[in-house]
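# Per-entry structural report
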Amino acid sequence: MGFNSIGMGGGYLTTAAGFGVSARIFAAVVFSFAVSLTASAQPARSPAAGKSGGNVDAQAFVSRVASTDDLRNRQSLTLLAGSSGSTALQMAQDASIVLGGADDVRVLPIVGKGGPQNISDLLYLKGIDLAITQSDVLAALSRGELGGDIKSEQIAYIAKLCNEELHVVARGDIGDLGELTGRAVNFGEHGSGTQFSARRVFAALGIEVREVNLSHADAMERLQRGEISAHVFLGGKPTPDALVMERIEGLRLLPIAYPPSLEADYLPAKLTHADYPDLIGEGQSIDTVAVGAVLTVVNWPAKHERYQLSARFVEDLFGNLKGLREPARHAKWHEMNLPAPVPGIVQFGPAKAWLERVLTGARSKASATQSSSRQSELTSRSSGGEAEKRLR
């Protein structure tokens, strides 16, 4: 039987299959030492706290948190965006970085599914203040096509952020959308914005496919293995999801036609060589359709606390477009057009007031500048005439 020697100061403790007296003494010493450490780690208690079993330090911490919790909530807004890697989530993260100074509203981005799910979550999930959804979803909501008990008047839009393009990625043996009829095609996860738009676009084109609902990563893997024929997704070009495809051989982007039946809710768009140089040849482009990404908010009553907080956010957002359009931010911020209307839904009161105030000020400034220029011209003519008289 082997033996081990464990050094302890100037002596040794020898162990075998069982413990001797010295071993038991050693164990007792260790136990006593552990107990003393545990006792010393306990915070001191006052006599009163000892009687009730409460911890003074813990109580003070809870009290401190409670006193600041309400303030933190009054200065924070949650922004429900899209899935990981989506244009919506990247823009939400940009807003979190650029906005929210010491005295401003703090923006907290949250991963979402986009589309109609974000609208439902905005209204019914606790703690959601803002949500990015799609213009086709809002149009369908205004026409009563979404079903359920969600009403368009419960939602207001702050601004249209940008356009997002529909991408159809297929295996190399697929030449056009028509060849996808009857084949397995990924329309994105259930409840996602991609699923909503893909269903409507393919229905308008009269193309019936076997819908599959996978995440982007799973869809790309199955596409490479030949288990599905195509993968559809929404994203602001050039989207990182499509850029990944450039490193995979045998994939291509398919063009999407723009029939009159799509004109109400979608816009014509193009994917170019500049967007995806390894997928689209130089000087070439691929037709597709686009849908607006819209920043929405609960249509709070004007006296509601969240209305006031959202109003502060609007001031911060609209006043910091320059920072949001810096090179480090998403390129789609350059498409943000504040006066652009969103059909079928009302604009949030503070956003509308901000635009009216700024546009009125711009018109007044332009009118004053024009008046000043006219006066300068008249003065110049008058001075010139008097000078000419004197020269005579």
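Residues numbered from 1 in each chain as written. Predicted model: local features only at pLDDT ≥ 70, side-chain atom pairs only at ≥ 80, totals over all residues. Heavy atoms only, no water.

- The protein chain is annotated in an unreviewed UniProt entry as TRAP transporter solute receptor, TAXI family of Filomicrobium insigne.

## Comments concerning helix 10 (residues 305-318)
- A rise of 1.5 Å per residue sets the reference length of helix 10, with its 14 residues, at 20 Å; its end C-alpha atoms lie 20 Å apart and thus fit the reference within 8%.
- For helix 10, a buried count of 10 out of 14 residues is recorded, marking the element as mostly surrounded by other parts of the structure.
- Listed as buried for helix 10 are Arg306, Tyr307, Leu309, Ser310, Ala311, Phe313, Val314, Asp316, Leu317 and Phe318. (Helix = DSSP H or I, 4+ residues; strand = E, 2+ residues; numbered from the N terminus. Expected span 1.5 Å × (residues − 1). Buried < 20%, exposed > 50% of the residue type's maximum accessible area, 1.4 Å probe, protein only.)

## Description of the environment of Leu214
- Looking at the element boundaries, Leu214 is found in the loop between strand 8 (210-212) and helix 8 (216-225).
- On a C-alpha basis, the gap between Leu214 and Phe187 in space is 7.4 Å, while along the polypeptide they are 27 residues apart.
- Excluding residues within four positions of it along the chain, Leu214 makes contact with Asn186, Gly188, Glu189, Ala219 and Arg222. (Contact = heavy atoms within 4.5 Å.)

## Considerations on unusual backbone geometry
- A cis amide bond, omega -10 degrees, links Lys237 with the succeeding residue Pro238.
- Here Pro238 is to be found in the loop between strand 9 (230-235) and helix 9 (240-245).

## Observations regarding the pattern of salt bridges
- Following the criterion strictly, the structure yields 15 salt bridges and no others.
- In this structure, Glu315 and Arg357 form a salt bridge, with 3.1 Å as the shortest nitrogen-oxygen distance. Note that Glu315 is positioned in helix 10 and Arg357 in helix 12 (residues 349-391), a separation of 42 residues in sequence.
- Residue Glu315 is classed as partly exposed on the basis of its relative accessible area of 38%.
- Several salt bridges share partner residues, and in doing so they unite Arg143, Glu145, Arg200 and Asp265 into one network. (Salt bridge = Lys/Arg side-chain N within 4 Å of Asp/Glu carboxyl O.)

## Remarks on the environment of Asp136
- Assignment of secondary structure puts Asp136 in helix 6 (residues 135-142).
- A residue is classified by how much of its surface remains accessible, and Asp136, at 0% relative accessible area, is buried.
- Along the sequence, Asp136 and Gly115 sit 21 residues apart, while their C-alpha atoms lie 8.6 Å from each other.
- Beyond its immediate sequence surroundings of up to four residues, Asp136 is in contact with Phe196, Ser197, Asp265, Tyr266 and Val291.
- Here Tyr266 takes part through its side chain, which lies 2.7 Å from a polar atom of the side chain of Asp136. (Polar contact = N/O pair within 3.5 Å; in protein donor to acceptor, adjacent residues only side chain to side chain.)

## Here we look at the pairing of strand 6 (residues 155-171)
- Within strand 6, 16 of the 17 residues are buried, leaving the element largely enclosed by the surrounding structure.
- As paired elements, strand 6 and strand 12 (residues 285-298) share nine bridges and run antiparallel to each other. Bridging from a neighbouring strand, Tyr157 pairs with Thr296 of strand 12.
- Sheet topology note: the strand 6/strand 13 (residues 346-347) ladder contains two bridges and is parallel. Bridge assignment links Tyr157 to a residue of strand 13, and that residue is Gln347.
- Sheet topology places strand 6 next to strand 9; six bridges connect them, and they run antiparallel. What sits directly across from His167, in strand 9, is Phe233. (Pairing = 2+ DSSP bridges.)

## Concerning the packing of aromatic side chains
- Per the stated rule, a full pass over the model turns up three aromatic pairs.
- Aromatic pair Phe187 and Phe202: ring centres 5.1 Å apart, planes at 55 degrees, arrangement tilted. Pair noted here: Phe187 is in the loop between strand 7 (184-186) and helix 7 (193-204) and Phe202 is in helix 7, with a separation of 15 residues, a long-range link. Phe202 matches Phe187 in its accessibility class, with the two residues each being buried. (Phe/Tyr/Trp six-rings, centres within 6.5 Å; stacked < 30°, edge-to-face > 60°.)

## Some remarks on helix 8
- Where helix 8 is concerned, the buried positions are Ala219, Met220 and Leu223. Axial view of helix 8: buried residues confined to an arc of 100 degrees, hence all on one face.
- Positive phi shows up at Gly226, right after helix 8, with a value of about 80 degrees. (Arc of directions from axis to C-beta.)

## Description of the nonpolar core
- Ranked by internal contacts, the top residues of the largest apolar core, which has 36 residues, are Ile158, Leu295, Phe313, Leu317, Phe318 and Met336.
- Every element with two or more residues in this core is listed here: strand 3 (76-80), helix 4 (87-98), strand 5 (130-134), strand 6, strand 12, helix 10, helix 11 (321-324) and helix 12.
- With six residues, helix 10 is the largest single contributor of residues to this core.
- Dropping the residues within four chain positions of it, Leu295 is found in contact with Leu79, Leu130, Ala131, Ile132, Ala156, Tyr157, Ile158, Ala159, Leu161, Phe313 and Leu317. (Core = buried A, V, L, I, M, F, W, Y, C linked by side-chain atoms within 4.5 Å.)

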